[in-house]
Amino acid sequence: LLLGAAARVVSERGSAALTHRAVAAEAGVSLASTTYHFASVADLHRATFEHVGSAIGLELAALVSAAARDAAAVPAVCADYAVRLVSERRAETAAVFEMIVAAGHDAGLRPVARFFQDQLTELFLPYTGDTAAARTAGAAVQGLLLTAVMTGEHGALRGAVEDLIRRYRRRATN
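Residues numbered from 1 in each chain as written. Predicted model: local features only at pLDDT ≥ 70, side-chain atom pairs only at ≥ 80, totals over all residues. Heavy atoms only, no water.

1. A look at the overall build of the protein
Helix and strand counts for the protein come out as nine helices and zero strands. Reading the protein from its N end, one meets helices and strands in the order α-α-α-α-α-α-α-α-α. Whereas a compact globule of 174 residues would reach a radius of gyration of roughly 16 Å, the protein reaches 17 Å, a difference of no more than 12%. Seen through its C-alpha atoms, the protein measures out along the principal axes to roughly 55 × 30 × 30 Å. In the protein, once contacts between residues fewer than 6 apart in sequence are set aside, the share between residues at least 24 apart is 62%. In the form shown here, the protein has an accessible surface area of approximately 8800 Å², with 57% of it arising from carbon and sulfur atoms. Computed over 17 positive and 17 negative side-chain charges, the inter-centroid distance for the protein is 3 Å. (Helix = DSSP H or I, 4+ residues; strand = E, 2+ residues; numbered from the N terminus. Rg over C-alpha atoms; globule rule 2.2 N^0.38 Å. Contact = heavy atoms within 4.5 Å. Areas by Shrake-Rupley, 256 points an atom, 1.4 Å probe, with all protein chains shown as cover. Lys, Arg positive; Asp, Glu negative; His and termini not counted. Charge placed at Lys NZ, Arg CZ, Asp CG, Glu CD.)

2. Brief notes about the environment of Pro126
Inspection of the secondary structure puts Pro126 in helix α7 (residues 110-128). As a C-alpha pair, Pro126 and Ala71 span 55 residues in sequence and 9.2 Å in three-dimensional space.

3. Some words on the packing of aromatic side chains
Applying the stated criterion across every chain yields a total of two aromatic pairs. Ring centres of Phe49 and Phe116 lie 5.7 Å apart, and the angle between their planes is 50 degrees; this geometry places the pair in the tilted category. Highlighted residues: Phe49 in helix α4 (residues 41-67) and Phe116 in helix α7, separated in sequence by 67 residues. The exposure class assigned to Phe49 is buried, which follows from its relative accessible area of 1%. Classification of Phe116 by relative accessible area gives buried; the value is 18%. Of the aromatic side chains, those joined through ring pairs into one cluster are Phe49, Phe115 and Phe116. Stacked on the ring of Tyr127, the Lys or Arg Arg169 has its end atom at 5.1 Å from the ring centre. (Phe/Tyr/Trp six-rings, centres within 6.5 Å; stacked < 30°, edge-to-face > 60°. Buried < 20%, exposed > 50% of the residue type's maximum accessible area, 1.4 Å probe, protein only. Lys NZ or Arg CZ within 6 Å of the ring centre and 35° of its normal.)

4. Things to note about the environment of Val23
Relative to the helices and strands, Val23 resides in helix α2 (residues 20-27). As for Val23 and Gly4, which are separated by 19 residues in sequence, their C-alpha atoms are 9.0 Å apart.

5. Here's the deal with the nonpolar core
Judged by nonpolar contacts, the single largest core of 53 residues is most densely connected at Phe49, Cys78, Leu145 and Val161. For this core, the leading source of residues is α4, giving eight residues. Discounting residues that sit within four places of it in the chain, Val161 has contacts with Cys78, Ala79, Ala82, Val141 and Leu144. (Core = buried A, V, L, I, M, F, W, Y, C linked by side-chain atoms within 4.5 Å.)

6. Structural notes on α4
Between its terminal C-alpha atoms α4 stretches 39 Å, which fits the 39 Å expected from 27 residues at 1.5 Å a residue. Within α4, the full set of buried residues consists of Leu44, His45, Ala47, Thr48, Phe49, Val52, Gly53, Ile56, Leu60, Val64 and Ala67. Buried positions along α4 lie against α1 (2-13), α2, α5 (74-86), α6 (90-103) and α7. (Expected span 1.5 Å × (residues − 1).)

What follows is the structure, given as structure tokens:
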């Protein structure tokens, strides 16, 4: 309840608006409820980032794992999920990007951002065969997602993500 409300606050108003008071108002609970669960604003920020990042990351990991037996299917699976992230799951996706930007200014969030970056790299590594290529592919997909979230236009997203990931697979097999 509280972390869902926190994600909505971040998605709608940005990470700077994430306070105990804002989460309490969004969740319809007392301020004491939020401060009981999150002693500081830093704790609230970190927990929100972990919550939204984990929800997105775990689902992507499950989808890629299921497709791993057929490496040729991985680009399409990732592309379909990318479209879902900017349509059905836009609020969570926007919250993740807000928190990534906040990590640039908040040293307490950097380990969370690095963790998710490393997880994405590990997810692509079996497909690309190379850590640098996996990290680059993950960062490029994030850039495409960020652009789609920012503009609200995602008509070309599926094709772009699929093409990008296929190119890294060819690179790994050549």
